[in-house]
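# Structure assessment
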Amino acid sequence: MRRIDLLIFAGAIVVATGLYVWKGRPLLAEQAYSTREAEIAARDPTTLSPPEFLALLQKAAREKPDDPEAQYFIGLVMKSEARDDDAVRAFQSALRRDDTHVPSLVALADAAVRQSGGDISERTARIYERAWRLDPQQVRAGFFSVMPQLRAGDRATAEARWDEIEARLDPEDPQLGMLEAFKQAFKDEGDVVEGEVAPPQ
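Attention here is on the structure that accompanies the text. Everything numeric in this text was worked out from a predicted model, so none of it was measured.

The subject of this paragraph is the overall build of the protein. Helix and strand counts for the protein come out as 11 helices and 0 strands. The secondary structure elements of the protein, listed N-terminal to C-terminal, are α-α-α-α-α-α-α-α-α-α-α. Surface accessibility of the protein: about 10200 Å² in total, with carbon and sulfur atoms responsible for 51%.

Quick look at the structure:
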């Protein structure tokens, strides 16, 4: 299954509670599983129901066990159901296959922030930093990577990171506006309370 097909469908998927069991298989209509699975694989991914799409992701995971993509998209499905524990396991599974898979790094860190109610721990900050160092376009991850320092009052370290983020972007990159907005949001030491941010959606 092409990555673009996964992206198209994952953006809109809503999964009913109980459709997926972590180590099991999704619920499908009564039919020989292999036959049903083959039929699903032959269809346009955008026409699939949530359980059918999950079946397709599991099929992709079995066919390419070393590919992180299916695990990552399974994690997105779990996230859409507010099942962060399952989402974390999926993102970790993706990273066991490729520890440089930037989308999974960012998603794992975001899940940790949601689980903590908005706090960015030092461990979570390190995950954000790894994602940003692998991909300078991950401006939000780079900014969040120094939230523990801001919380501790070490604004110099935070500002040095912000300068580094800016230096790694093209002067015309529109994300510079995002960086400036982040900086304005935390322009005063008093703006940071226990390192909390709005939990990622």
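Moving on from the coordinates now.
Further remarks concern the packing of helix H5 (residues 84-97) against helix H6 (residues 102-115). Taken N-terminus to C-terminus, the directions of H5 and H6 make an angle of 155°; their axes are 9 Å apart at the nearest point. Relative to H6, the element H5 is oriented roughly antiparallel. Where H5 crosses over H6, the two elements pack in a sense that is left-handed. Contacts between H5 and H6 involve Asp84, Asp85, Val88, Phe91, Gln92, Ala94 and Leu95 from the first element and Ser104, Leu105, Ala107, Leu108, Ala111, Arg114 and Gln115 from the second. Here the residues of the contact of H5 with H6 sort into 8 nonpolar, 3 polar and 3 charged.

Locating Val106 in the fold gives a position in helix H6. For Val106, a relative accessible area of 9% corresponds to the buried category. As for Val106 and Arg140, which are separated by 34 residues in sequence, their C-alpha atoms are 9.4 Å apart. In this view, Val106 contacts Tyr128, Ala131, Gln138, Arg140 and Ala141; residues no more than four positions away in its chain are not counted.

Counted according to the given criterion, the structure contains 7 aromatic pairs. Where Tyr72 meets Phe73, the ring centres are 5.1 Å apart and the plane angle is 65°; that geometry is what we call edge-to-face. Neither Tyr72 nor Phe73 differs from the other in exposure class; each is buried. Ring centres of Phe143 and Trp162 lie 5.0 Å apart, and the angle between their planes is 5°; on these two criteria the pair is classed as stacked. Of this pair, Phe143 sits in helix H8 (residues 139-144) while Trp162 sits in helix H10 (residues 155-167), and the two are 19 residues apart along the sequence. Take Phe143 and Trp162: they sit in the same class, and that class is buried. Ring-pair connections join several aromatic residues into one group, and the members of that group are Tyr128, Phe143, Phe144, Trp162 and Phe182.

With that settled, the discussion passes to the environment of Gly75. When you line up the elements, Gly75 lands in helix H4 (residues 69-80). Assessed through its relative accessible area of 0%, Gly75 is described here as buried. Along the backbone, Gly75 and Leu108 are 33 residues apart, and their C-alpha atoms lie at a distance of 9.1 Å. Residues within four places of Gly75 in sequence aside, it is in contact with Ala87, Ala90 and Phe91.

Rules used throughout
- Throughout this document, residue positions are counted from 1 along each chain, in the order its sequence is written.
- Residues qualify for local features only when their pLDDT is at least 70, as the model is predicted, and side-chain atom pairs are given and counted only at 80 or more; totals for whole chains, interfaces and linings, by contrast, use all residues.
- With hydrogens and water excluded, all non-hydrogen atoms of the structure serve as input to the side-chain values.
- Labels follow the DSSP assignment, with helices taken as runs of H or I lasting at least four residues and strands as runs of E lasting at least two, numbered in each case from the N terminus.
- Residue-level accessible areas treat just the shown protein chains as cover; the underlying method is Shrake-Rupley with a 1.4 Å probe.
- Axis lines are fitted through C-alpha atoms, for helices just across the contact stretch, and the angle between N-to-C directions can take any value from 0 to 180 degrees.
- Roughly parallel means an angle under 35 degrees; roughly antiparallel means over 145; roughly perpendicular covers 65 to 115; every other angle is labelled oblique.
- Handedness of a crossing is defined here by the sense of rotation of the near helix relative to the far one, left-handed for an anticlockwise turn of less than a right angle and right-handed for a clockwise turn.
- Contacts are assigned to residue pairs that have any heavy atoms within 4.5 Å of one another.
- Here the term charged refers only to Asp, Glu, Lys and Arg, the term nonpolar to Ala, Val, Leu, Ile, Met, Phe, Trp, Tyr, Cys and Pro, and the term polar to all other amino acids, Gly among them.
- Whether a residue is buried, partly exposed or exposed follows from its accessible area with a 1.4 Å probe, protein chains only, as a fraction of its type maximum: under 20%, in between, or over 50%, in that order.
- Only Phe, Tyr and Trp rings are paired, with Trp represented by its six-membered ring, and only when their centres lie within 6.5 Å; those with planes under 30 degrees apart are stacked, over 60 edge-to-face, the remainder tilted.

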